[in-house]
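# Structural description and commentary
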Amino acid sequence: MNEILRAIYSSIIDGEQKVTTAKVQEALDQGTEPSAILNEGMVAAMAEVGKLFEEGEYFVPEMLVAARAMQSGLAMLKPYLVKADVKSSGKVVAGTVKGDLHDIGKNLVCMMLEGSAFEVIDLGSDVDPDKFVEAVHQTNADIVAMSALLTTTMPNMKVTIEALKAAGLRDKVKVLVGGAPLTQQYANEIGADGYAPDASRAVATAKSLIAA
Amino acid sequence: MEKRTFLERMSERGTLVLDGATGTNLQSRGLTKGLPAEVWVLEQPEKIIGLAQDFVAAGADIILTCTFGASSIRLEHTSLNGKGEMVNRRAAELAQRAVEGTPALVAGSIGPTGQLLKPLGPLDETDAIRSFAEQARYLADAGVDLLVVETQFDLAEAKAALTGIQMVTNLPVVCSFSFDRGTRTMMGVKPAQVGNEISPLGVAAIGINCGRSLEDNQKAMIELRDSTSLPIWFKPNAGLPQLDASGNPTYDISPEAMAAKVPEWISIGAKLIGGCCGTSPDHLAAIAKEVHKSQLFPSR
Ligand code: B1M
């Protein structure tokens, strides 16, 4: 990893948003490949942050500031990524399900999808099933991506899938689900098309769902 | 019969028995996953009374109202939006009915708002204080004997809760944290910080609830005890929650295994002992039996 990518990497781990944006600008000015900035600098840093969180080294505040630093860097990178990639990978309507306010993981998934040239319509957290339906209607999305972090809100994924069915949209979109308490088995049970245990695998799964 | 108050009972020797879990027990009695327990306060009040009565029968000296998530900020995201006053009053009445004719007391439960305070999250401190004050007033007006601010993870939010509560009532307040990252809260707060920063704020007891494993909770209690002179409230989960294949949490500690720890908890300094998630009335009965045994043979 060259010096500037290393600087981006550590600024995200340290949650220094200003340093991240300055270094991303510098890297772009120097002609560094946007995909290298994204993958070697930012995605690698968030993976490390996730690891530090799992190990009990980092807590929620550190993780949130790191995610913010990544988000601001990504915002600068987006126009370049879109330019570099000939066409959009697909359109995704994303959100955390009704009753659930956990959005850190969902935001990471959205960021990584955007980083892979998906067009993401982020509905936020505590999203009503009808809101998902409406957004699919309006945007002609290819994928509905739902996140849930509470065992008590997981059932709302099924409710949303039922709402898509009732609106006659179920056959028009693929449903991707994720979040810490979920399993592949649960995803199968509720009739989702895909499940991913983490953000990078969410991108891979989204791509394979589009290809299918 | 005039009941001895919370503070009177706290000043006596010996250990008080708290209740067990609300959410996980109501779920095993049919509460649909995804529904906040407060929904049953209005729709299945007999189930709420039934569980509280089971805890009293098991030996609880204090039971908690089913109002953990009944702050206005929390209810906004549920079908009970705008019904905070009704839910809190009814829940207090149900708990009072369950302890009728017994010496058991009713603690009004106040949980976190479920949102992070600024700058990490969207919540204004003043809005948080207002929401806590409002819930405390509903519970106090309904006649609860004490209030417990529980499952806290952020010092700033816990302080907002205490500020709000103390604006509207002089009831004794307990403040309890959840160290669900082991011996740190999800925000990274350590038990010693809780002891140092919360003890001076006019609380009657300070404590630990929920959390992770019994071992971690016990370690956290030692650290907390070393940083406070207040009585300690201890309401751990019945072990580490494991998620089964369909995502239901299961708790692996048997009533006997949990109760076996009670003498140690008392020797560390727990004054109020119960259980959180996974603690059934059977668990609580076993805990109460140990508490009472240790009272008869204090040297054990
Ligand atoms: C579409 O496709 C996909 C594919 C992959 C997807 C995906 C979608 N979504 C996620 N993924 C995957 O990719 C991501 C990146 O790799 C991963 O996302 P994750 O979200 O898993 O991982 C994130 C990067 C990091 N992880 C997180 O962000 C979650 C961390 C923990 C600490 C957590 C946090 C931060 C919060 N919380 Co909450 N919180 C906990 C969490 C405990 C823990 N140790 O995990 C958990 C989830 N919380 C819990 C609880 C109980 C609660 N929380 C609550 C509140 C909060 C905060 C607001 C304080 C805060 C959220 C802030 C925010 N803006 O998101 C409350 C509920 C509020 C609500 N209605 O939602 C409250 C009820 C707390 C309370 N007692 O009042 C527990 C849930 C228990 C359960 N299984 O039901 C919990 C496990 C803590 C615990 N040990 O008890 C993968 O899962």
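Cut-offs applied
- Residues numbered from 1 in each chain as written.
- Chains lettered and ligands numbered in written order.
- Predicted model: local features only at pLDDT ≥ 70, side-chain atom pairs only at ≥ 80, totals over all residues.
- Heavy atoms only, no water.
- Helix = DSSP H or I, 4+ residues; strand = E, 2+ residues; numbered from the N terminus.
- Buried < 20%, exposed > 50% of the residue type's maximum accessible area, 1.4 Å probe, protein only.
- Polar contact = N/O pair within 3.5 Å; in protein donor to acceptor, adjacent residues only side chain to side chain.
- Contact = heavy atoms within 4.5 Å.
- Core = buried A, V, L, I, M, F, W, Y, C linked by side-chain atoms within 4.5 Å.
- Domains from an automatic or database assignment.
- Near = heavy atom within 4 Å.
- Nonpolar A, V, L, I, M, F, W, Y, C, P; charged D, E, K, R; others polar.
- Buried area = accessible area lost by both parts, 1.4 Å probe.
- Salt bridge = Lys/Arg side-chain N within 4 Å of Asp/Glu carboxyl O.

The next subject is the side chain of Ser-176 of chain B. All names here are of chain B. Tracing the chain through its elements places Ser-176 in strand β5 (residues 173-177). Exposure remark for Ser-176: the relative accessible area of 0% places this residue in the buried category. Side-chain polar atoms of Ser-176 contact the side chain of Asn-209, separated by 2.7 Å. The residues touching Ser-176, leaving out its near neighbours within four places in the chain, are Val-149, Glu-150, Thr-151, Gln-152, Gly-207, Ile-208, Asn-209 and Trp-233.

With that settled, consider the nonpolar core. Counting residues in hydrophobic clusters, the biggest one holds 121 residues, and the most contacted among them are Ile-12 and Met-42 of chain A together with Ile-63, Val-194, Ile-198 and Trp-265 of chain B. Tallying contributions element by element places helix α4 (residues 60-84) of chain A first for this core, with 11 residues. When residues of this core are assigned to domains, at least three map to each of domain 1 (3-83) and domain 2 (90-211) of chain A. The residues touching Val-194 of chain B, leaving out its near neighbours within four places in the chain, are Leu-155, Phe-177, Phe-179, Val-189, Ser-199, Ile-206 and Leu-224 of chain B. Membership of the second largest hydrophobic core comes to 26 residues, among which are Ala-135, Met-157, Leu-169 and Val-173 of chain A.

With that settled, the discussion passes to the site of the ligand. Taken together, 39 residues lie near the ligand, and Leu-101, His-102, Asp-103 and Ser-147 of chain A together with Arg-181 of chain B sit nearest. With respect to the ligand, the chains having nearby residues are chains A and B. Note that an oxygen atom of the ligand is positioned 2.7 Å from one of the backbone N or O atoms of Leu-101 of chain A. Taking Arg-74 of chain B, its side chain carries an N or O atom lying 3.1 Å from an oxygen atom of the ligand. Counting only elements with at least two residues in the shell around the ligand, the list comes to α4, α5 (104-115), β3 (143-147), β4 (174-178) and α9 (199-211) of chain A. Per-class residue counts for the shell around the ligand are 23 nonpolar, 10 polar and six charged. Counting residues domain by domain, the shell around the ligand receives three or more from each of domain 1 (3-83) and domain 2 (90-211) of chain A.

All names here are of chain A. Along its sequence, chain A is organised into domain 1 (3-83) and domain 2 (90-211). Using C-alpha coordinates to define each centre, domain 1 is positioned 24 Å away from domain 2. Here domain 1 packs against domain 2, burying approximately 870 Å² in sum over the two surfaces, 81% of which is carbon and sulfur. Three residues, Gln-71, Leu-74 and Lys-78, lead the burial of domain 1 against domain 2; their summed loss comes to 35% of the area buried on that side. The interface formed by domain 1 and domain 2 contains one salt bridge. Notably, a salt bridge pairs Lys-78 with Glu-114, separated by 3.2 Å at the nearest N-O pair. Joining domain 1 to domain 2, the criterion identifies one residue pair in polar contact (both at pLDDT 80 or more).

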